[in-house]
Amino acid sequence: MPIINVSVTGKPDARLSAAIAKDVTEITATHLRKDPTITAVAVSYIDPQHWFAGGRSLAEHGTNSFWLDIKVVDGTNTKLELEAYLKAIFEVFGRLLGGVHEESYALVHEVPAAAYGFGGKSQEFRFISGRLKAA
């Protein structure tokens, strides 16, 4: 159920967006055990002349970059899972974008289950409801 926001350098490209959504969803399912059927990915593009690293634009660097921001429920993943996820994310963007600047980032926000949800229901509600049904 994560929401994943991705920004990449370049001009909007529907094929690249689809590839990003596919690969990021798969990596998120594999490394963080998140259900791909309820994973949302939003991709936005930023001109490399307007993205800076070390005080110089990425156009000057001649590189690409990405920023991935994902929200998951606190405590649902181990440090080792998070480490593997971040590594896999960097690798896939290196493949998809080519020439990825070292100053590319991914952030996994671990948020409280009571404050996060979809369809008008929190993840805490879903957890408790599932436990009651199982009892």
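Residues numbered from 1 in each chain as written. Predicted model: local features only at pLDDT ≥ 70, side-chain atom pairs only at ≥ 80, totals over all residues. Heavy atoms only, no water.

A.B. asks: Break down the pattern of salt bridges for me, citing the residues and quoting the values.
C.D. replies: Under the counting rule described, the total for this entry stands at 6 salt bridges. With its nearest N and O atoms 3.2 Å apart, the salt bridge here joins lysine 22 to glutamate 26. Of this pair, lysine 22 and glutamate 26 both sit in helix H1 (residues 14-32), 4 residues apart, which is roughly one turn of that helix. The salt bridge partner of aspartate 23 is arginine 95, with a shortest N-O separation of 2.5 Å. Of this pair, aspartate 23 sits in helix H1 while arginine 95 sits in helix H3 (residues 79-97), placing them 72 residues apart in sequence. Residues joined by salt bridges that share partners form a network here, namely Lys22, Asp23, Glu26 and Arg95. (Salt bridge = Lys/Arg side-chain N within 4 Å of Asp/Glu carboxyl O. Helix = DSSP H or I, 4+ residues; strand = E, 2+ residues; numbered from the N terminus.)

A.B. asks: Let's hear about the side chain of serine 104: which residues, and what values?
C.D. replies: Turning to its location among the elements, serine 104 is positioned in the loop between H3 and strand S6 (105-111). A relative accessible area of 8% places serine 104 in the buried class. Residue contacts for serine 104: discarding those within four places in its chain leaves Asn64, Ser65, Phe66 and Phe90. (Buried < 20%, exposed > 50% of the residue type's maximum accessible area, 1.4 Å probe, protein only. Contact = heavy atoms within 4.5 Å.)

A.B. asks: Can you explain the UniProt feature "domain: 4-oxalocrotonate tautomerase-like" (unreviewed entry) in the protein? Please cite residues and give values.
C.D. replies: UniProt records the feature "domain: 4-oxalocrotonate tautomerase-like" (unreviewed entry) for residues 2-59 in the present numbering. Counted over residues 2-59, helix gives 36% and strand 31%. Its end C-alpha atoms are 32 Å apart. (UniProt positions renumbered as here; feature names shortened; annotations may be inferred.)

A.B. asks: Break down the packing of H1 against H3 for me, with residues and values.
C.D. replies: One can describe the packing of H1 onto H3 by two numbers: an axis separation of 10 Å at closest approach and a directional angle of 160°. Classed by the angle they form, the pair H1 and H3 counts as roughly antiparallel. The crossing of H1 and H3 is right-handed. Residue-level contacts link Leu16, Ala19, Ile20, Asp23, Val24, Ile27, Thr28, His31 and Leu32 of H1 to Glu81, Leu82, Ala84, Tyr85, Ala88, Ile89, Val92, Phe93, Arg95, Leu96 and Leu97 of H3. Its residues assigned to classes, the contact of H1 with H3 comprises 15 nonpolar, 2 polar and 3 charged. (Axes fitted to C-alpha atoms, helices over the stretch in contact; angles between N-to-C directions. Parallel < 35°, antiparallel > 145°, perpendicular 65-115°, else oblique. Left-handed = near helix turned anticlockwise from the far one by under 90°. Nonpolar A, V, L, I, M, F, W, Y, C, P; charged D, E, K, R; others polar.)

A.B. asks: How would you summarise the packing of aromatic side chains if you had to cite specific residues and measurements?
C.D. replies: In this structure the tally under the stated criterion is 2 aromatic pairs. On the numbers, 4.3 Å between centres and 15° between planes, the contact of phenylalanine 66 with phenylalanine 93 is stacked. Of this pair, phenylalanine 66 sits in strand S5 (residues 66-73) while phenylalanine 93 sits in helix H3, and the two are 27 residues apart along the sequence. The same class applies to phenylalanine 66 as to phenylalanine 93, namely buried. Cation over ring: arginine 126 sits above phenylalanine 118, and NZ or CZ is 3.8 Å from the ring centre. (Phe/Tyr/Trp six-rings, centres within 6.5 Å; stacked < 30°, edge-to-face > 60°. Lys NZ or Arg CZ within 6 Å of the ring centre and 35° of its normal.)

A.B. asks: Would you mind going over a nonpolar patch on the surface in detail, with residue names and values included?
C.D. replies: A cluster of nonpolar side chains, Trp67, Tyr105 and Leu107, forms an exposed patch at the surface whose accessible area comes to about 270 Å². Turning to its location among the elements, tyrosine 105 is positioned in strand S6. (Patch = residues over 30% accessible without salt bridge, like charges linked within 9 Å, V, L, I, M, F, W, Y side chains within 5 Å. Areas by Shrake-Rupley, 256 points an atom, 1.4 Å probe, with all protein chains shown as cover.)

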